[in-house]
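What follows is the residue order along each chain.
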Amino acid sequence: MALELLGLVALISIACMAFAGLLAQGVLSKGKASKEMEEIAHSIQEGANAFLKRQYTTIGIIAVIIAVILYAGYSFIGKPDTAFTTTTSFLLGAFCSALAGYIGMWIAVRANLKTASNAKTDLNSALKTAFRGGAVSGLTIMALSLLGIAFLFYVFNTNNPADTPIKLVGFGFGASLVALFAQLGGGIYTKAADVGADLVGKLEANIPEDDPRNPAVIADLVGDNVGDCAGRGADVFESTSAENIAAMVLGVALYPAFGLAGILFPLIVGAFGLIASMIGIASVKARPNEKPMKALTRGYWITSILVAVLLYVAVYLYLQNNLFLFLAGLLGLMASMAMVYITLYYTESQYRPVQEIVKASETGPGTTVIAGLAVGLETTALPALVLGSVLLASYWLGTLTGIEHGGLYGLAMATIGMLSTAAYILAMDTFGPIADNAGGIVEMSKAPESMRKITDQLDAAGNTTKALTKGYAVGSAGLAAFLLFSAYAVEAGLQTIDLAKVHVFVGALMGAMLVFLFSAFAMRAVGKAAQVIVQEVRTQFKDIKGILHGKAKPDYARAVDISTQAALKEMTTPSLLVIALTLAVGILLGAEAAGAFIMVTTITGIMLALTLNNAGGAWDNAKKYIETGAHGGKGSIAHKAAVIGDTVGDPAKDTAGPSLHVAIKLVGTLSLVLAPLFL
């Protein structure tokens, strides 16, 4: 039975990777770029490769040190078998997470050039190129996650399959560790370059975005790839891996009722989700005079409907047609859609929240910042209601099954449902930076204005998709973190967590503190790095004669190197803080305090991540709305105020916010791995 189910998952995953290979071949074979475009794209590739090489060297050293500590810790408490399985799965998870990030970056820095060159044909050609480039990343990364977990389950499986899932938690921890470093380091890099380029270029020199005279523009374009592509690729790999493993741990409770299928069900649904995503991706095509976002949304709906159908098929075949569990999974799918549309409302320029920021920009930067903060704080309400409702309803549906611990598996089913569209969501996310880079390449190569109009439409859609996927990521992090907490409680034997106990309350307090301190470190890192970039751009404008008149070429490489050094220097402290504090609470205060630590870190972290992500997205789109000519357009008082708002929002939405929801899950996976040490 195990071989049959694992074989099905592996077969679909391999077929998905083959499909992704065909997409990649199609993307890379079409569109002839000019020499100027190729030179710019080559500079972006070089910068991204150099950063990733140096970043992964740092991450690799830290991962090896942690692997040694893990092995020694389990050996010390007399569990040599656990030491081997946990360390092995940790290293494989770390490697696959790093590979996922590299895949995301590799295709993005090639698809950007092809998208730019196809913009001279028509909108549909450019759209399909950018989106299918993103789809290569989404499909490959999801398939890689399923293959890695299936392989480990096959290797570690014994005569009692119910003992196997807990041996895989190291895989999720390794994936989470690398994802945090990748997301945080990439986020610091991209926003330092972006903020530095905007503050001097737009406000001081009055030159457009992506103008080739700006020394930081190449660093900014590189940042899109190492942050939004490599970082998010590792992030989504980590999310699906950790959440599937947590669901499998809880699925052990279903072993008496459904056998091995109850444990492996998350992998089966993940594989079926790949089938739905492939069909949805293939369907994306812009009709005449249709906006890119409408075509992408139509593909998302096709994917979601197919996922719902295939989820029922999976429940019918492997969970004895248990409709209560199907409904719980369907609730998770609906929650993911709700999170996407809530984020759309708060970050799209046509709706009330962004329009409030636009109006506030007419009276200066102060009111712009106030309005954006208000929007960010407001965005916590609807997601909290959605997630709370899904948690209650899915738990209730699980209890209706009559299976022991069925309530917890109802929660697992909701998380599985939410994750089932992750491949399509990641495709939309990676589409954003590819489109952004394409616009930069067109602008810097001084291509015809008609091409820039097409890439501007793609870029506008890309900004929306990046915001939507952040909302999806935070929503899935919320359900996943509770899932990880539930798995931890089962493993640690905790029935209740009593906050009236002093040491447990202190554990909860440390969890809340971690969220804010981590965010402070992330924001400060961007600010410090951006200051250096600002000074560098000012220096080049001053010292390189003729640069602003287009008669001299800026030193792009220096700005790239500065951003690289700053990101690598600043990413380590916040990441190690998460690990150190989790260890300290668990070892010094015990398992129950560690449970309170996980719980409060999750709740506080989700709320702050929503605030940071959506405030930043709203500020960004308020600026872009004004740049269309509204409220005075570029160069107006409103525009300059909106640029300041966007500058504040950049590290919030692209560094602290996305890194925070990874940190939440790292706390959960690390606690689950180390639960035996906390007892």
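Quick look at the overall build of the protein now. Across its full length, the protein holds 21 helices and 0 strands. Overall, the protein is about 75 × 50 × 45 Å in size when its C-alpha atoms are taken along their principal axes. Taken across its 679 residues, the protein has 65% of its residues classed as buried. Here the analysis covers contacts within the protein between residues at least 6 apart in sequence; of these, 84% occur between residues at least 24 apart. Of the accessible surface of the protein, which amounts to about 23100 Å², a share of 65% is contributed by carbon and sulfur atoms. Of note, the protein has its 44 positive side-chain charges centred 6 Å away from the centre of its 45 negative side-chain charges.

Tallied over the entire structure, the rule returns 11 aromatic pairs. Here the aromatic rings of Trp301 and Tyr341 are separated by 6.5 Å at their centres, their planes lie at 45°, and the arrangement is tilted. Here Trp301 is found in helix H9 (residues 292-318), whereas its partner Tyr341 is found in helix H10 (residues 323-347), with 40 residues between them in sequence. Residue class for Tyr341 comes out partly exposed when judged on its relative accessible area of 33%. Residues Tyr312 and Tyr316 carry aromatic rings whose centres are separated by 6.3 Å and whose planes lie at 35° to one another, so their mutual orientation is tilted. On the criterion of helical spacing, the pair formed by Tyr312 and Tyr316 is a turn pair, its members being 4 residues apart in helix H9. We classify Tyr312 as partly exposed; its relative accessible area is 31%. One aromatic cluster is present, built from ring pairs that chain together Phe131, Tyr300 and Tyr424.

Looking now at the side chain of Thr430. As for its placement among the helices and strands, Thr430 is situated in helix H15 (residues 422-444). Classification of Thr430 by relative accessible area gives buried; the value is 0%. Ignoring any residue separated from it by four or fewer positions in sequence, one finds Thr430 in contact with Gly134, Ser137 and Cys229.

Let us look at helix H8 (residues 260-282). Between the first and last C-alpha of H8 there are 33 Å, a value that for 23 residues agrees with the 33 Å anticipated at 1.5 Å per step. The largest bend in H8 comes to about 45°, at Pro266. Counted residue by residue, H8 has 20 buried out of 23 residues, so it is predominantly covered.

This part is about the pattern of salt bridges. Scanning the model with the defined rule gives 20 salt bridges in all. A salt bridge links Lys653 to Asp650, with the shortest nitrogen-to-oxygen separation between them at 3.7 Å. Taken together, the residues Lys653 and Asp650, both in helix H21 (residues 637-678) and 3 residues apart, mark about one turn of the helix. Residue Lys653 is classed as buried on the basis of its relative accessible area, which comes to 8%. You can call Asp650 buried: its relative accessible area is 1%. One salt-bridge network, held together by shared partners, links Lys191, Asp194, Asp620, Lys623, Lys624, Asp646, Asp650, Lys653 and Asp654.

Quick look at the side chain of Thr465 now. Inspection of the secondary structure assignment puts Thr465 in helix H16 (residues 449-492). Take Thr465: its relative accessible area is 0%, and that puts it in the buried class. From its side chain, Thr465 meets the backbone oxygen of Gly462 in a polar contact 2.9 Å long. The residues contacting Thr465, other than those within four sequence positions of it, are Met293, Leu296, Met428, Phe431 and Gly432.

Predicted coordinates in regions of low pLDDT should not be interpreted in detail. Here the protein shows a mean pLDDT of 87. Residues at 70 or above account for 99%. Averaged pLDDT values over the elements of the protein bottom out at 80 in helix H6 (residues 217-251) and peak at 95 in helix H12 (residues 365-378).

So, on to H10. The first and last C-alpha atoms of H10 sit 36 Å apart over 25 residues, in line with the 36 Å expected at 1.5 Å per residue. Among the residues of H10, the N-terminal cap falls to Asn322, whose side-chain oxygen and the backbone nitrogen of Phe324 are separated by 3.2 Å.

Let's shift gears to the environment of Leu139. Structurally, the position occupied by Leu139 is in helix H4 (residues 123-156). A sequence separation of 511 residues divides Leu139 from Asp650, and the C-alpha atoms of the two residues are 28 Å apart. If near-sequence neighbours (up to four positions away) are discounted, Leu139 is found in contact with Cys16, Phe19, Ala20, Leu23, Leu274, Ser277, Met278, Ile281 and Ala423.

Glancing now at the nonpolar core. Across soluble globular proteins, nonpolar side chains have a tendency to be buried as a group. Of all hydrophobic cores here, the largest spans 229 residues; its most connected members are Phe265, Met413 and Tyr488. It is H4 that contributes the most residues to this core, 18 residues altogether. Contacts of Phe265, omitting those with residues within four sequence positions, involve Ala314, Val315, Tyr318, Leu319, Tyr409, Met413 and Ile416. Ile207, Ile533, Val537 and Ile547 belong to the second largest nonpolar core, which has 10 residues in total.

Before going further, it helps to examine a nonpolar patch on the surface. Taken together, the side chains of Trp301, Ile305, Val309, Tyr312, Val313, Tyr316, Leu317, Leu323 and Tyr341 make up a nonpolar region of the molecular surface, amounting to roughly 840 Å² of accessible area. Every element with two or more residues in the nonpolar patch is listed here: H9 and H10. At 7 residues, the largest contribution of residues to the nonpolar patch is made by H9. Looking at where Leu317 falls in the secondary structure, it is placed in helix H9.

Our focus in this paragraph is the environment of Ile547. Mapped onto the elements, Ile547 comes out in the loop between helix H17 (502-543) and helix H18 (556-570). Taking relative accessible area as the criterion, Ile547 reaches 1% and is therefore assigned buried. Note: C-alpha distance between Ile547 and His42 (505 residues apart in sequence) is 22 Å. Ignoring any residue separated from it by four or fewer positions in sequence, one finds Ile547 in contact with Arg213, Pro215, Gln540, Phe541, Ala552 and Pro554.

This part covers the packing of H6 against helix H14 (residues 406-419). H14 packs onto H6 with a crossing angle of 155° between their chain directions and a minimal axis gap of 9 Å. Judged by the angle between their axes, H6 and H14 are roughly antiparallel. The handedness of the crossing between H6 and H14 is left-handed. Between H6 and H14, the contacting residues are Thr240, Glu243, Asn244, Ala247, Leu250 and Gly251 on the first element and Leu408, Tyr409, Ala412, Thr415, Ile416 and Leu419 on the second.

To continue, consider the state of the cysteines. The final tally for this structure, using the stated rule, is 0 disulfides. Of all cysteine sulfurs, the one in Cys96 lies closest to Cys16, which takes part in no disulfide; the gap is 15 Å. With relative accessibility at 0%, the residue Cys16 sits in the buried group. Given a relative accessible area of 6%, Cys96 falls into the buried group.

Parameters and conventions
Residues numbered from 1 in each chain as written. Predicted model: local features only at pLDDT ≥ 70, side-chain atom pairs only at ≥ 80, totals over all residues. Heavy atoms only, no water. Helix = DSSP H or I, 4+ residues; strand = E, 2+ residues; numbered from the N terminus. Buried < 20%, exposed > 50% of the residue type's maximum accessible area, 1.4 Å probe, protein only. Contact = heavy atoms within 4.5 Å. Areas by Shrake-Rupley, 256 points an atom, 1.4 Å probe, with all protein chains shown as cover. Lys, Arg positive; Asp, Glu negative; His and termini not counted. Charge placed at Lys NZ, Arg CZ, Asp CG, Glu CD. Phe/Tyr/Trp six-rings, centres within 6.5 Å; stacked < 30°, edge-to-face > 60°. Expected span 1.5 Å × (residues − 1). Bend = angle between axes of the 7 residues up to and from the residue. Salt bridge = Lys/Arg side-chain N within 4 Å of Asp/Glu carboxyl O. Polar contact = N/O pair within 3.5 Å; in protein donor to acceptor, adjacent residues only side chain to side chain. pLDDT = per-residue confidence, 0-100. Core = buried A, V, L, I, M, F, W, Y, C linked by side-chain atoms within 4.5 Å. Patch = residues over 30% accessible without salt bridge, like charges linked within 9 Å, V, L, I, M, F, W, Y side chains within 5 Å. Axes fitted to C-alpha atoms, helices over the stretch in contact; angles between N-to-C directions. Parallel < 35°, antiparallel > 145°, perpendicular 65-115°, else oblique. Left-handed = near helix turned anticlockwise from the far one by under 90°. Disulfide = S-S within 2.5 Å.

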